Amino acid sequence: MTDTPPRTRIQARNRATILEAALEVFASRGFRGATLDRIAQTAGLSKPNLLYYFRSKEALHLAILEDLMDLWLAPLREMDPEGEPREEILRYMRRKLDMSRHHPRESRLFANEILQGAPRARPVIEGELKSLVDEKAAVIAAWSETGRIGPVDPHHLIFSVWALTQHYADFDVQVRTIMGGADPYPAAEAWLERVIDAVLEPLRAAP
């Protein structure tokens with residue numbers, strides 16, 4: 001990933017600066033539209049200095065994707081099979097919504113990667129991401145089968161949480177324009193709780 005891992009505080013700071021600049025450029029322009037020259041300019045460093053840490057645009061993009069996946073998978077990893085099902089699923093939704101609020105660039109970068117067919121993220125999607133989703137889907141299925149939540153398709157429930165929360169990051173301009181510039185997140189959380197609660201409500205036996 002990097003030719004020269006950071007060994008000093010200055011090197012660590014330069015690497016972090018490069019990654020922050022690259023995230024900004026990749027999120028706004030996509031992989032094809034981003035250039036090392038623009039990333040170096042955004043970072044306030046020379047291109048040779050950037051290349052000291054990352055040998056290519058591909059290596060830099062991969063480093064960001066790896067950091068992003070660690071961040072992105074954390075809320076799902078934290079879903080506790082021993083917890084109360086409704087609270088665990090709502091907590092997962094809130095964490096994903098909070099990530100959209102505080103990490104919108106990461107969300108848009110990942111969306112751009114997927115729209116291009118995931119040429120660089122596919123190994124992670126086919127490996128770690130799929131394994132984790134399958135694991136948590138099995139937990140949700142067990143909750144549903146024992147009547148602790150309503151009958152749900154666990155994979156599609158997880159997909160729905162992604163769609164409902166990441167929309168606010170990926171379509172931020174559209175959402176805020178339609179809402180007259182208002183912050184959409186407080187109302188979004190209350191609304192999504194109502195939506196997910198309705199899906200999770202166990203079936204009531206007829207009297």
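Quick note: structure is the one above.
Residues numbered from 1 in each chain as written. Predicted model: local features only at pLDDT ≥ 70, side-chain atom pairs only at ≥ 80, totals over all residues. Heavy atoms only, no water.

Draft legend 1. Spotlight on the overall build of the protein chain. Counting secondary structure elements, the protein chain contains 10 helices and zero strands. Along its sequence from the N terminus, the protein chain presents helices and strands in the succession α-α-α-α-α-α-α-α-α-α. Expressed as lengths along the three principal axes of its C-alpha atoms, the size of the protein chain is roughly 75 × 40 × 30 Å. Taking all 207 residues of the protein chain together, 41% fall into the buried category. For the protein chain, the share of sequence-separated contacts (at least 6 apart) that also reach a separation of at least 24 residues comes to 70%. Of the roughly 11100 Å² that the protein chain leaves accessible, carbon and sulfur atoms contribute 55%. Considering the protein chain, the positive charge centre built from 27 side chains and the negative charge centre built from 30 side chains are found 6 Å apart. (Helix = DSSP H or I, 4+ residues; strand = E, 2+ residues; numbered from the N terminus. Buried < 20%, exposed > 50% of the residue type's maximum accessible area, 1.4 Å probe, protein only. Contact = heavy atoms within 4.5 Å. Areas by Shrake-Rupley, 256 points an atom, 1.4 Å probe, with all protein chains shown as cover. Lys, Arg positive; Asp, Glu negative; His and termini not counted. Charge placed at Lys NZ, Arg CZ, Asp CG, Glu CD.)

Draft legend 2. A look at the packing of aromatic side chains. With the rule as written, the count across this model stands at four aromatic pairs. On the basis of an interplanar angle of 85° and a centroid distance of 5.0 Å, the ring pair of Tyr52 and Tyr53 is categorised as edge-to-face. A relative accessible area of 3% places Tyr53 in the buried class. For the ring pair Phe159 and Trp162, a centre distance of 5.5 Å and an interplane angle of 50° mean the geometry is tilted. Of this pair, Phe159 and Trp162 both sit in helix 8 (residues 154-170), three residues apart, which is roughly one turn of that helix. Overall, Phe159 belongs to the partly exposed group, its relative accessible area being 36%. Note that Lys57 overlies the ring of Phe31, its terminal NZ or CZ placed 4.3 Å from the centroid. (Phe/Tyr/Trp six-rings, centres within 6.5 Å; stacked < 30°, edge-to-face > 60°. Lys NZ or Arg CZ within 6 Å of the ring centre and 35° of its normal.)

Draft legend 3. Examining the pattern of salt bridges more closely. A complete count under the given rule lists 16 salt bridges for this structure. Between Glu24 and Arg105 there is a salt bridge, with the nearest N and O atoms lying 3.0 Å from each other. Of this pair, Glu24 sits in helix 1 (residues 9-33) while Arg105 sits in helix 6 (residues 104-115), and the two are 81 residues apart along the sequence. Residue Glu24 is classed as partly exposed on the basis of its relative accessible area of 35%. Here Arg86 and Glu87 are joined by a salt bridge, their closest N and O atoms 2.4 Å apart. Classification of Arg86 by relative accessible area gives partly exposed; the value is 30%. Through salt bridges with shared partners, one network takes in Glu20, Glu24 and Arg105. (Salt bridge = Lys/Arg side-chain N within 4 Å of Asp/Glu carboxyl O.)

Draft legend 4. Seen up close, the nonpolar core. Among the nonpolar cores identified, the biggest contains 56 residues, and Phe26, Ile39, Leu60, Leu109 and Ile140 are the most heavily contacted of them. Those residues in contact with Ile39 that lie beyond four places of it in its chain are Ile18, Ala21, Ala22, Val25, Phe26, Leu50 and Leu60. (Core = buried A, V, L, I, M, F, W, Y, C linked by side-chain atoms within 4.5 Å.)

Draft legend 5. Layout of empty space enclosed by the protein. One pass over the full model with this rule turns up one cavity of 30 Å³ or more. Taken as a whole, the largest cavity holds about 30 Å³ of empty space. The wall of the largest cavity is formed by Phe26, Gly30, Phe31, His61, Leu109, Asn112, Glu113, Gln116 and Arg120. Looking at the lining of the largest cavity, the elements that each hand over two or more residues are helix 1 and helix 6. (1 Å grid on protein atoms, 1.4 Å probe; cavity = no way out; pocket = protein on both sides within 12 Å on 5 of 7 lines; lining within 4 Å. Points joined across faces, edges and corners; volume = space filled by probe spheres on them.)

Draft legend 6. Local environment of the environment of Tyr53. Considering the arrangement of structural elements, one finds Tyr53 in helix 3 (residues 47-53). Within the structure, Tyr53 has its side chain in polar contact with the side chain of Asn14 (distance 3.2 Å). (Polar contact = N/O pair within 3.5 Å; in protein donor to acceptor, adjacent residues only side chain to side chain.)

Draft legend 7. Geometry of the layout of surface pockets. Approximately 290 Å³ is the volume attributed to the largest pocket. Lining the largest pocket are 18 residues, with Trp72, Phe110, Ile114, Trp162 and Gln166 sitting closest to its centre. Mapped by element, the contributors of at least two residues to the lining of the largest pocket are helix 4 (57-77), helix 5 (85-102), helix 6, helix 7 (122-145) and helix 8. Looking at the lining of the largest pocket element by element, the count peaks at five residues for helix 8. When its residues are assigned to classes, the lining of the largest pocket shows 13 nonpolar, three polar and two charged. (Nonpolar A, V, L, I, M, F, W, Y, C, P; charged D, E, K, R; others polar.)

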